[in-house]
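Chain by chain, the residues run as shown.
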Amino acid sequence: MAKSYMGLILAAQDTNDIMGLTKYRPIASIPFAGRYRIIDFSLTNLTRTGISNVGIVVPHNYVGSLRDHIRGGQFWDLNRKTGGIFLMHPTIDSEIGKSNVKNFRSNLEYLHKSKEKNVVLCSSHLIANIDLQSIIDSHEKSGRDLTIVYKKEDGDLMGYRGCTSIMLNENKGIEKFGVIVDSPEKANISLEIKIIRKDLLIDLLMSGVQNGLVGDLNKFIEHNVYKISTNLYEFTGYTKFIDSTKNYFRANKDMLKKEIREELLLSNGGISTKINDTPPAIYKPESKVSNSLIANGCIVKGSVKNSIIGRRVIVKKGAIIDNSVILQSCVIEEGVEIKNVIIDKNVTISKYQKVIGSEEFPLIIEKKSLLDG
């Protein structure tokens, strides 16, 4: 059945609320949980169902970071002669940073040439471990032209601020779409995952271009949903959109909770990522580590608490790291104190520096920085 489905990942999200981590990369290739990248979740969700043809709508800037991570797609079994992975570059200067309807115009040939009859559309900034096969089965059983995946949230919705909400009528059909602005008690959140007939998607795109409509592809499909027979699928697992520094920090901290970590990183066969051969972490006798994730290749001599530490990080004697996220290849010198901080790759914090942020607004140290008081 998966042979009649192809994947399309939208990886050109707005980076205004997470600029400290997207100066050199798109959101899709930001490191996560010590060893993954954000896009790994979308790629794994698609390919574990047997989908072998995946297109990625890439942003105009710093695509090199994404290319370096994805390479030929071999880590997701996409390095193949038929199908494989295809990067779709934006072409409209005025809308170059968006997953825009017009930006698909020069890439329509890819959709036309693909043999699959259906498209699974998803966004690269969603963190979730989803069994897409069950969604495909629901789509097939419904006989509808479009399936939209949503999640019912009745807790703190501030993490979904700016996301699309779906209001349902008494027959459990779509009444209208909205945007989460305040923090309502509950809402149905669109997870930006859709299954749609490929010929219908092409018709919608062509119609949009001909009528001069410019907008995000997800929003464009939602605008036309009342003309399309639509099926709804409710997902009940863990989700987080990485569209702000606050959400990124919270999602990483969530990995310290065993039940969330096991669901997100280990269930359904786990999440595939680029292989990086490094030795196990070394913990020196003087080190103190509690409630933290420490990636391979690290050398820990200091104290690490409630933190996520990426590959090849060196924490020297007397250093204290608390409630922080340290990306790969950083050096934390002797006597350094770090709390509520996100440190990007290849940063060195010199001896006896104190770097303190807040839980609500963590401090970001940009890539390749040297903090020397």
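### Considering the overall build of the protein chain
Here comes step 1: Across its full length, the protein chain holds eight helices and 29 strands.
Here comes step 2: Taken over C-alpha atoms, the radius of gyration comes to 21 Å for the protein chain, in line with the 21 Å a tight globule of 373 residues would show.
Here comes step 3: Its C-alpha atoms put the protein chain at 65 × 50 × 40 Å along the principal axes.
Here comes step 4: When the 373 residues of the protein chain are sorted by exposure, 56% land in the buried category.
Here comes step 5: Taking the contacts inside the protein chain whose residues are at least 6 apart along the sequence as the reference set, 58% of them involve residues at least 24 apart.
Here comes step 6: Accessible surface for the protein chain amounts to roughly 16700 Å². Of this, 47% is attributable to carbon and sulfur atoms.
Here comes step 7: On the protein chain, the mean spot of the 51 positive side-chain charges and the mean spot of the 42 negative ones are 5 Å from each other.

### Thoughts on the pairing of strand β11 (residues 187–197)
Here comes step 1: The buried fraction of β11 is high, at 10 of 11 residues.
Here comes step 2: Where strand β8 (residues 146–153) and β11 come together, eight bridges link them in antiparallel fashion. Bridging across to β11, E153 finds its partner in A187.

### Examining the packing of aromatic side chains
Here comes step 1: Counting across every chain of the model gives five aromatic pairs.
Here comes step 2: Seen from their ring centres, Y36 and F41 are 6.2 Å apart, and the 45° between their planes marks the pair as tilted. For the pair Y36 and F41, one class covers both residues: buried.
Here comes step 3: Among the aromatic residues, those joined into a cluster by ring pairs are F32, Y36 and F41.
Here comes step 4: A cation over a ring is seen here: R35 above Y36, with NZ or CZ 4.9 Å from the ring centre.

### A word on the state of the cysteines
Here comes step 1: Tallied over the entire structure, the rule returns zero disulfides.
Here comes step 2: Here C122 is not disulfide-linked; the sulfur of C163 is the nearest cysteine sulfur, at 15 Å.
Here comes step 3: In this model C330 remains outside any disulfide bridge; the closest cysteine sulfur is found in C298, 9.7 Å from its own.

### Here's the deal with the sheet that holds strand β25 (residues 341–343)
Here comes step 1: A sheet is described by the order of its strands in space; here five strands give the open sequence β16-β19-β22-β25-β28, paired in parallel fashion. The sheet is open, and its two edges are formed by β16 (293–294) and β28 (363–365), each paired on a single side.
Here comes step 2: Of the strand pairs in this sheet, β25 and β28 are connected by three bridges, and their pairing is parallel. Its bridge partner being in β28, I343 is matched across the sheet by I365.
Here comes step 3: The strands that helix α7 (residues 245–254) touches are β19 (308–309), β22 (325–326), β25 and β28; relative to β25, the one it contacts most, it runs at about 90°.

### Describing the sheet that holds strand β20 (residues 314–315)
Here comes step 1: If you trace the six strands from one edge of the open sheet to the other, you get β14-β17-β20-β23-β26-β29, paired in parallel fashion. Both edges of this open sheet fall to β14 (282–283) and β29 (370–371), since each of them pairs with a single strand only.
Here comes step 2: In the sheet, β14 pairs with strand β17 (residues 299–300) via two bridges, with the strands oriented parallel. By the bridge assignment, I282 is partnered in β17 with I299.

### Points about the packing of helix α1 (residues 39–47) against helix α2 (residues 63–70)
Here comes step 1: For the pair α1 and α2, interaxial distance at closest approach is 12 Å and the crossing angle is 45°. Relative to α2, α1 is oriented oblique. Here the hand of the crossing between α1 and α2 comes out right-handed. Taking contact as the criterion, the partners of I39, D40 and L43 in α1 are, on α2, L66, H69 and I70.
Here comes step 2: Residue classes in the contact of α1 with α2 are distributed as four nonpolar, one polar and one charged.

### A look at the pattern of salt bridges
Here comes step 1: Applying the stated criterion across every chain, the model contains 14 salt bridges.
Here comes step 2: We note a salt bridge from D344 to R25, for which the minimum N-O separation is 2.9 Å. Residue D344 is located in the loop between β25 and β26 (348–349), and its partner R25 is located in the loop between β1 (5–10) and β2 (31–32); the two are separated by 319 residues in the primary sequence. Pair check on accessibility: D344 and R25 agree, each one buried.
Here comes step 3: Between D77 and R80 there is a salt bridge, with its nearest N and O atoms 3.0 Å apart.

### As for the confidence of the model for the protein chain
Here comes step 1: The predicted model of the protein chain averages 90 in pLDDT, with 92% of residues at 70 or higher.
Here comes step 2: Across residues 92–97, where pLDDT falls below 50, the model places 11 contacts with residues more than four positions away in sequence or in other chains.

### Considerations on unusual backbone geometry
Here comes step 1: Of note, the phi angle at N323 is positive, near 55°, even though the residue is not glycine.
Here comes step 2: Within the secondary structure, N323 sits in the loop between β21 (320–322) and β22.
Here comes step 3: Even without being glycine, S329 reaches a positive phi, approximately 60°.
Here comes step 4: Mapping S329 onto the fold places it in the loop between β22 and β23 (331–332).

Quick notes on the rules
- Residues numbered from 1 in each chain as written.
- Predicted model: local features only at pLDDT ≥ 70, side-chain atom pairs only at ≥ 80, totals over all residues.
- Heavy atoms only, no water.
- Helix = DSSP H or I, 4+ residues; strand = E, 2+ residues; numbered from the N terminus.
- Rg over C-alpha atoms; globule rule 2.2 N^0.38 Å.
- Buried < 20%, exposed > 50% of the residue type's maximum accessible area, 1.4 Å probe, protein only.
- Contact = heavy atoms within 4.5 Å.
- Areas by Shrake-Rupley, 256 points an atom, 1.4 Å probe, with all protein chains shown as cover.
- Lys, Arg positive; Asp, Glu negative; His and termini not counted.
- Charge placed at Lys NZ, Arg CZ, Asp CG, Glu CD.
- Pairing = 2+ DSSP bridges.
- Phe/Tyr/Trp six-rings, centres within 6.5 Å; stacked < 30°, edge-to-face > 60°.
- Lys NZ or Arg CZ within 6 Å of the ring centre and 35° of its normal.
- Disulfide = S-S within 2.5 Å.
- Axes fitted to C-alpha atoms, helices over the stretch in contact; angles between N-to-C directions.
- Parallel < 35°, antiparallel > 145°, perpendicular 65-115°, else oblique.
- Left-handed = near helix turned anticlockwise from the far one by under 90°.
- Nonpolar A, V, L, I, M, F, W, Y, C, P; charged D, E, K, R; others polar.
- Salt bridge = Lys/Arg side-chain N within 4 Å of Asp/Glu carboxyl O.
- pLDDT = per-residue confidence, 0-100.

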